[in-house]
Each structure stands twice: as C-alpha cells, then as structure tokens.
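# Observations on the three-dimensional arrangement
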Amino acid sequence: MTEQMKYVVKELNTTLGRNYDLIKFDALDEKQLLQVLVDLLVNFNAGDKLNIREEDPETVAVRLLEMLGNVKYRPPAGTEPTLFRSQLLAGDTRTIHHALHWLLSNKEQVKNTAYLAKYLKIPDIPADVARNNSVQDLLDLYQNLIDEFKDVHKRTRMLQKENASEIINDIKEMAVERDIVIKRLENVQVHLMDVRDKEDLLNVSKLLRLQQEKTKEFENQYDMQQLQLKTASEQLKRYLNVIHGQSATPKSASDVIKHLQEEIQLNSYLMKEKLPQESANLQKELNIMQTIASEQHPTRSDLITVQDKIATVNSEIEQLVQRRLAASDPQEDKLAPFRQQAAVIRRNKELSATRVHELTTSLKEQEATLADLRSQVKQLLGDMVLRGEELKKYVNSLRVKSNLYKRQRANLSTFKVEAGILTRTLNILSTNDPTVEMALVNHKKMKIDDDDIIEKGNEKLSDLTKKSLHDLSQLVAQTAQKLSQVRQEIQPLGDKVKPIKQEFQEVQQQYEQKKRIYEATSINISSQMDPLKNQVKELTDQLNSKENEWKNLRQKITKAEGLQEVVMFEMKNSMQSPRKPSKMEALKKNVADMEEAVKILEEEQRAISSRQGTVQEQTRLWQNTLQLLRCKIKVRNEPAARQGRMHITQHSQMLTLT
C-alpha cells in the first residue's frame, strides 16, 4: 500500500505540478481529495473544470461519474454501484486512491479514451423529437461522421505504429524514384535540344491547359445550374400543390372553386351563428359573475334559501312537463321526428364547428413548429434543403457511395496487408544478404534504361528501317549482352530462393501430415465419445429412476412408522386399568353421530318437500289478494271519471260500471 501511495504522489506531482509528499497527501480531507481527482480528470481532457466546494452535490455527482465513464473506469471487483457512488461522493480514501492509481497507471490509455469519448458521444435526444425526419437525418449524418472519424483515427494509429525501418525504406525508394525522375528529365531535355520554337509550343500547351480547366469549370457550373433549376421547379410544383390544397397532382378549376365555396360556407356559419352564440354565452356568464361579485357575501341561510327555491322551481318544471306530456297526443304530433332530426343536425353541426376550430388551432401550432424547425435546419444546412424524391435520391446515392467506399477501403486494406508482407519479406532478405537491395536498385535502373531505349527505338523506328543489316545485328548483340548481364545478376537471387522454396515445401508437407494425423485422431475420439455419451445418459436415467423409487419407499416407511406408533399407543392403552377409549372406538362413535345427523336431515328434507306445494299455493293466493287490494286503493283514489255502483256483501265486493 505504501508503494502505491508513493507512486500516486510522484505521478501527481509530475502530472499536475503539485508539491505533495506522503504526509501532505495523507492530510487532505474529503473535499480536497475529490478536487484532486477532478483536476486529474480535467488534465486528461475527460471533462470541463469543476469546483467541488461551490457546485451542488447532485451536479458534482453527475459530472464526476460522467468523467469517470468517459475514461471507462471500472470500480474494484465485487463493489456494488450504489455503494461505490456513495463512497466516492463521501470522499472515501480507499475509493479515491484506487481511482487515482488506476488513472495514473494507464495514462496513455486514459488520454486516448477521453479523446475518443469527446467525439464519439451520441447526444441524448428525447424520443418524440428523434421521431422527426429532419432530426433523424441529422442523427444519421452524425453517425456517419462518427464512423468516418473511427476509420481516420484507426489509420492514424496504424501510421504512428509503423517501424522506423519502414520509413527508412520509404525514404530510400523515394530517393531511387527521384533519381529516376531526374534521369527522365535529362532525357527529355536531350530530346528537346533539336526542337525549334520550344517556347511557343510551351505557351500554346499552357493556353490549352488553361482552356481545358475553364471548360471543366464551365461544365461544373452548368451542372450546378441544372441542379438548381430542377430544385426550383420542384419547389414551384410543391407550392402550386399547396395552393391547390393537396400534395399529389393539381386540381381542376371547378374543384378549387368547390373547395373555396365550402370554406366560405363554414366561415359564414362560424361568423353568423357559432361565434355570436359563444359571445352571448360568455356575456351571460360575465353578467352572472358581475352580479355575484357586486352582491354581498352569502351566508349559510342565504344558501339554504336559494337551494329551496331551486328545488321548488325544479318540481314545478317537472309538473309542467308531465302535464304537457299528458295533454299532448304522440300520434297527432307528426312533426316530432323532424324536430328530433333537426336537433340532431344542429348538435352535429355545432360539434363539427367545434372540431374544425380545434383542428384549425392545432394546424396553426403545427405550422409554427414547422417554421421553427425549418429555420433551424436552414441555419444548420443552408438554404438548400432536400425533400421528397430529392431526399430519397440523395440518400440512395449516399448508400451507393458508402458501399463503394467500403468496398474500396477493404481492397485498400488488403493491398496494404500484402504490401506490408512484401516489405517485411524484402527487409528479411536485405538483412540476410545486403546485395539484394543493390540488385533491385540496379534492376530498376536497367528497367528505366530499357524504357528509354524502347522510347528511342519507337522514335527512330523510321530510321532503323533505313539502316543496314549490320547495325541491326549489333543492336541484337547488345540486347543479348544486356540480357545475359541481367540473368547473371538475378542468378544469385534464384540460388538463394531455391533452398527457401525447398524448406517451404518440407514445412508444407509436415503441415499436411500433421493435419491428416489430427483429423484421424479427432475422428477416432468422436467415434469413441458417442458410446460413452450413450452410456452416461443410460446411467443418468437409471440413477433418476432409483431416486424416485427411494423417495416412494421413504414415503411408505414414514407412513408405516406412523401406523406403528398408533398401534403401540393402542396396545399401551389396552393394558392400562383406567383404559381410555381407543382410536377405533372414537372413530366408530363419530361415524354413528354423523349417520344420526344425516338421518335427521333427510327427515327434515322430506317434510319440507311434502309441504312445498301447499306453501307455494298459499303464497300465490296472498299475492293475488295484495294485487286486488292495490287495485281497489287505486280506483278509490282516482277521480270519479265514470258512473258505477258497488255491491258489498258479507264475503265479497262487486263494482258495476255504467
């Protein structure tokens, strides 16, 4: 632990420029330790500056955990996240020391992780905002930029890890290429010495190049103008569609007039009926509120009086409604269905007007939101914003380019791997034999000379046809001599490559042999494993069946032991002088009691079933009597609408109507 503390103090003094020793560092309190941890993370570019004493504890917790997450710090094994968070914010010495030691032990890794976290962090966007098409396009563009950044960073790291030998080899190759270029320039200058009007030809070629560049620029400008014209025409088409009230194909003049007439009717209804009615209702509510506000504060007795008046008015209204319903004949009122239909139509009309008003308000809000989003997109992307088919075409072209880029990148990585293998092979051959590199350089120079000779031969082809057979034979002899020299130079390389090839063939044969042995062994092992697996499965099934049998036997034994205890208790009870009733006797007594109770219940059931018909008849007679009494009371209470006579005898009453 002391060595760890010494290492932490030493690295803190070096990294942060502090002047700590073990005593001073151990004397720091919790806030100071947290501030040291924050300063170290800020030094590694894991976040912005933070003052522990001035900031809110929740803000400190969020910022500190975010910075530790950016450097991919992991707490010690077996530590719960909640416990680690509470200990970290409380300034626990062990937790902070562990974090400091880990950060200082992995400086380069922490710096690289913090650098990548700054550019690879995806912003937290709410789900309802992320569903917007413009925001989704921006997120896709952001993700593509992140992928591009990853590739560029990976290539940069690979270039940084290249060995110095590869750089030296590149410098040597560049020197050889420089010599080649210089030699070609000298050859060109030799060819141009006999050419007249060199300056005029150069000026003409320069003018030709400038004209070609201008032509290319004009072509690009023409393509750009064509694209702008196409965009403007599509925007005009969209605006015309908006004017016509739809988004696909423009409507005819009659459709537009019909649509405008419907809008005029709706607006006239809103202006003449809906809005005046709403304003009248609001005016009534305002008058009522003003009246209530101008009156004195009501007491409890006033409220009771008002409630009594309301109840009286409601009862009067109900009586009037009942009188009207009794006086009116539904069959004579032929206009009732039409009134109901008119009421339904009026109610639907009001509901439709309310719905139109709500939709209009929502449309205005959505248009305002759309205008804000368009202004934001315009600020981010400029004046030109793709929509509809243009956006689909642009996305498809991006996908094609992305696929092409990925394919070319894969090919490039393959070529790089092959070039690396060839370079390492060349380095190995150069270390084994320094003459290989010189032979390659001479071979390149001779190839250049051969190219120059071929060019000269092409230029002097017409002259060679005029030369004699002797000159041609000399040229053939020189060529053969050069070929023999090249063969002599290449022969040592071939001699050195032959043993390497033989060694490779031997290793290849050994590999094939070992591979065959491995495959045969694996086949034998797999064939031997199958019966063993079957045997293990059978034994497992037998073991499970034996366990089930054991459980059943254990249950039977437990049951037998319980019965044995009962028998022993009965035997002891029978041997005692004040013998208690045995289990059998108690059970027999219970059975007899239950049988007696069942008999009593059966007798009661028979008695009830025998009386059921009489009880039902008596109930029916009483119900009829009650109905007759209700009818008599009703007739007596009604006004004498008809004349009649009632005969009353000793046992019955009879009413005769005339």
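Definitions and limits used
Residues numbered from 1 in each chain as written. Predicted model: local features only at pLDDT ≥ 70, side-chain atom pairs only at ≥ 80, totals over all residues. Heavy atoms only, no water. Helix = DSSP H or I, 4+ residues; strand = E, 2+ residues; numbered from the N terminus. Buried < 20%, exposed > 50% of the residue type's maximum accessible area, 1.4 Å probe, protein only. Contact = heavy atoms within 4.5 Å. Phe/Tyr/Trp six-rings, centres within 6.5 Å; stacked < 30°, edge-to-face > 60°. Patch = residues over 30% accessible without salt bridge, like charges linked within 9 Å, V, L, I, M, F, W, Y side chains within 5 Å. Areas by Shrake-Rupley, 256 points an atom, 1.4 Å probe, with all protein chains shown as cover. Salt bridge = Lys/Arg side-chain N within 4 Å of Asp/Glu carboxyl O. Lys, Arg positive; Asp, Glu negative; His and termini not counted. Charge placed at Lys NZ, Arg CZ, Asp CG, Glu CD. pLDDT = per-residue confidence, 0-100. Expected span 1.5 Å × (residues − 1).

### As for the overall build of the protein chain
- When helices and strands are counted, the protein chain shows 19 helices and two strands.
- The buried share of the protein chain, reckoned over its 658 residues, is 12%.
- Relative to all contacts within the protein chain whose residues are 6 or more apart in sequence, the contacts with residues 24 or more apart total 57%.

### Quick word on the packing of aromatic side chains
- Per the counting criterion, the structure on display carries three aromatic pairs.
- With 6.1 Å between their ring centres and 35° between their planes, Y73 and F84 make a pair best called tilted. Within this pair, whereas Y73 is found in the loop between α4 (57-70) and α5 (81-89), its partner F84 is found in helix α5, the two being separated by 11 residues in sequence. Per residue, the accessibility class of Y73 equals that of F84, and both read buried.
- With centroids separated by 5.4 Å and ring planes inclined at 65°, the aromatic side chains of Y73 and W102 adopt a geometry described as edge-to-face. Separated by 29 residues along the polypeptide, Y73 in the loop between α4 and α5 and W102 in helix α6 (residues 93-105) bring together distant segments of the chain.
- Look at W102 and you get partly exposed, because its relative accessible area is 21%.

### Concerning a negative patch on the surface
- On the surface, D593, E595, E596, E602, E603 and E604 cluster together into a negatively charged patch.
- Considering the arrangement of structural elements, one finds E604 in helix α19 (residues 583-637).
- On the basis of relative accessible area, E604 is assigned to the partly exposed category, the value being 45%.

### Notes on the confidence of the model for the protein chain
- Across the protein chain, pLDDT averages 77, with 80% of residues at or above 70.
- Within the protein chain, the lowest mean pLDDT, 47, falls on helix α17 (residues 461-464), and the highest, 88, falls on α19.
- In the predicted structure, residues 464-469 sits below a pLDDT of 50 and forms one contact with residues beyond four places in sequence or in another chain.

### Brief notes about the pattern of salt bridges
- This model, assessed by the stated rule, comprises seven salt bridges.
- A salt bridge links E11 to K107; the nearest nitrogen and oxygen atoms lie 2.7 Å apart. You can see E11 sitting in helix α1 (residues 2-16) and its partner K107 sitting in helix α7 (residues 107-120), a full 96 residues away along the chain.
- With its nearest N and O atoms 3.4 Å apart, the salt bridge here joins E213 to R209. Within this pair, E213 and its partner R209 are both found in helix α11 (residues 198-244), separated by four residues, close to a single helical turn.

### What about α7?
- The end-to-end C-alpha distance of α7, which contains 14 residues, comes to 20 Å, matching closely the 20 Å that a straight helix rising 1.5 Å per residue would cover.
- Among all positions of α7, only V110, T113, A114, L116 and A117 are buried.

### Here's the deal with the side chain of E11
- We classify E11 as buried; its relative accessible area is 15%.
- Not counting chain neighbours up to four residues away, the residues in contact with E11 comprise L104 and K107.

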